[in-house]
Amino acid sequence: MTDKDELKTLKNDLKEKESEIEDLKKQIEEKDQKIDDYFSQMQRLQADFENYKRRSEKDIESFRKYANEGLIIKLIDTYEDLERALKSSEEGENLKEGVELIYKNLKNVLEKEGLEEIPTTGEKFDPFKHEALMTENHEDYESGVVTEELAKGYSLKSKVIKCAMVKVCKK
C-alpha cells in the first residue's frame, strides 16, 4: 500500500469517525431533550401535588370550621321557641325565670359555636342574607332597605345558614 492509498484510507476512516461523532452528538442531544422533558414533567407534578396538599388542608379546615352546622341548624328552632315563650309568658314568674335561664344558656352555647344573628331592620337588603317576603312603601326608609324582620336569620362563623325573612321598602 502506498502513502496515497494509506492517506485515502485514513481520510475515509476520519470521515466515518466524524460521522459517528455527529450521530453520537445527536443521540446525546435527544437524550438531553428527554431529560429536560422528564424534569419539566416532574416539576409540574410536584407543583400539582403542592396545590393538592394546600387544597386538601383548606378543605379539612373548612370541614372542621363548619362541622357543627347540622347540629346548630337543629337547635335554632328550639332557640326561637324559647324566645317566643319568653315573650308570651306574662304570668307565672317561676316559669319565666326557668325559661329565661334555658334561653340564656342555649344562646351562650350557640354563640360559642360561632352562631350570630343577621342584622335586619334598617339594613340594606342583601339577597345572600335576607329573604324578602313582602314589600311596602315606607316613609322612614329608602328603597331597598329592610323595614321589618319577620323571622330571624343566622350565620355560622360568617357563613349564612338561615336567611332572615324580612319586609323591604320599595318605592
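What you are looking at is a predicted structure, and each value in this text was computed from that prediction instead of being measured. (Residues numbered from 1 in each chain as written. Predicted model: local features only at pLDDT ≥ 70, side-chain atom pairs only at ≥ 80, totals over all residues. Heavy atoms only, no water.)

Caption draft 1: Broad picture of the overall build of the protein chain. Per the secondary structure count, the protein chain includes three helices and six strands. Helices and strands appear in the protein chain in the N-to-C order α-α-α-β-β-β-β-β-β. Taken over C-alpha atoms, the radius of gyration comes to 38 Å for the protein chain, far larger than the 16 Å a tight globule of 171 residues would show. Counting only C-alpha atoms, the protein chain reaches 135 × 45 × 15 Å along its principal axes. (Helix = DSSP H or I, 4+ residues; strand = E, 2+ residues; numbered from the N terminus. Rg over C-alpha atoms; globule rule 2.2 N^0.38 Å.)

Caption draft 2: Spotlight on the sheet that holds strand β2 (residues 130–136). Across the sheet, three strands lie side by side as β2-β6-β3; this open sheet has mixed pairing. In this open sheet, the two strands that pair with only one neighbour each are β2 and β3 (146–151). Each adjacent strand pair in this sheet contributes to an overall mean axis angle of 30°, direction not counted. Pairing geometry for β3 and strand β6 (residues 164–169), over four bridges, is antiparallel. Within β6, the position partnered with Ala 151 by the bridge is Met 165. (Pairing = 2+ DSSP bridges. Axes fitted to C-alpha atoms, helices over the stretch in contact; angles between N-to-C directions.)

Caption draft 3: Local environment of a negative patch on the surface. Side chains of Asp 13, Glu 16, Glu 18, Glu 20, Glu 22, Asp 23, Glu 29, Glu 30, Asp 32, Asp 36 and Asp 37 sit close together on the surface and give a patch of like negative charge. You can see Asp 36 is positioned in helix α1 (residues 3–65). Given a relative accessible area of 44%, Asp 36 falls into the partly exposed group. (Patch = residues over 30% accessible without salt bridge, like charges linked within 9 Å, V, L, I, M, F, W, Y side chains within 5 Å. Areas by Shrake-Rupley, 256 points an atom, 1.4 Å probe, with all protein chains shown as cover. Salt bridge = Lys/Arg side-chain N within 4 Å of Asp/Glu carboxyl O. Lys, Arg positive; Asp, Glu negative; His and termini not counted. Charge placed at Lys NZ, Arg CZ, Asp CG, Glu CD. Buried < 20%, exposed > 50% of the residue type's maximum accessible area, 1.4 Å probe, protein only.)

Caption draft 4: A look at the side chain of Lys 152. Tracing the backbone shows Lys 152 in the loop between β3 and β4 (154–156). Among the polar contacts made by the side chain of Lys 152, one reaches the side chain of Glu 83 at a distance of 2.6 Å. In terms of polar contacts, Lys 152 uses its side chain to reach the side chain of Glu 117, at 3.1 Å. Beyond its immediate stretch of four places on either side in the chain, Lys 152 contacts Glu 80, Glu 83, Glu 117, Lys 162, Cys 163 and Ala 164. (Polar contact = N/O pair within 3.5 Å; in protein donor to acceptor, adjacent residues only side chain to side chain. Contact = heavy atoms within 4.5 Å.)

Caption draft 5: Local environment of the pattern of salt bridges. The full count for this structure, using the stated rule, is five salt bridges. Residues Glu 69 and Lys 159 are paired through a salt bridge, measuring 3.1 Å at the closest nitrogen-oxygen approach. Taken together, the residues span a long stretch of sequence, with Glu 69 in helix α2 (residues 69–88) and Lys 159 in strand β5 (residues 159–162) at a distance of 90 residues. For the salt bridge of Lys 162 with Glu 80, the shortest nitrogen-to-oxygen distance reads 3.2 Å. Remark: Glu 80 occurs in helix α2 and Lys 162 occurs in strand β5; sequence separation between them is 82 residues. Members of the salt-bridge network, linked through shared partners, are Glu 83, Glu 117 and Lys 152.

Caption draft 6: Expanded view of the environment of Gly 98. Tracing the sequence through the fold places Gly 98 in helix α3 (residues 93–112). It is 29 Å that separates the C-alpha atoms of Gly 98 and Thr 120, two residues lying 22 residues apart in sequence.

Caption draft 7: Representation of the nonpolar core in the model. Counting residues in each nonpolar core, the largest one holds 14 residues, and the members touching the most others are Ile 72, Ile 76, Tyr 79, Leu 110, Leu 115, Tyr 154 and Ile 161. Where this core is concerned, the elements lending two or more residues are α2, α3 and β4. With five residues, α2 is the largest single contributor of residues to this core. (Core = buried A, V, L, I, M, F, W, Y, C linked by side-chain atoms within 4.5 Å.)

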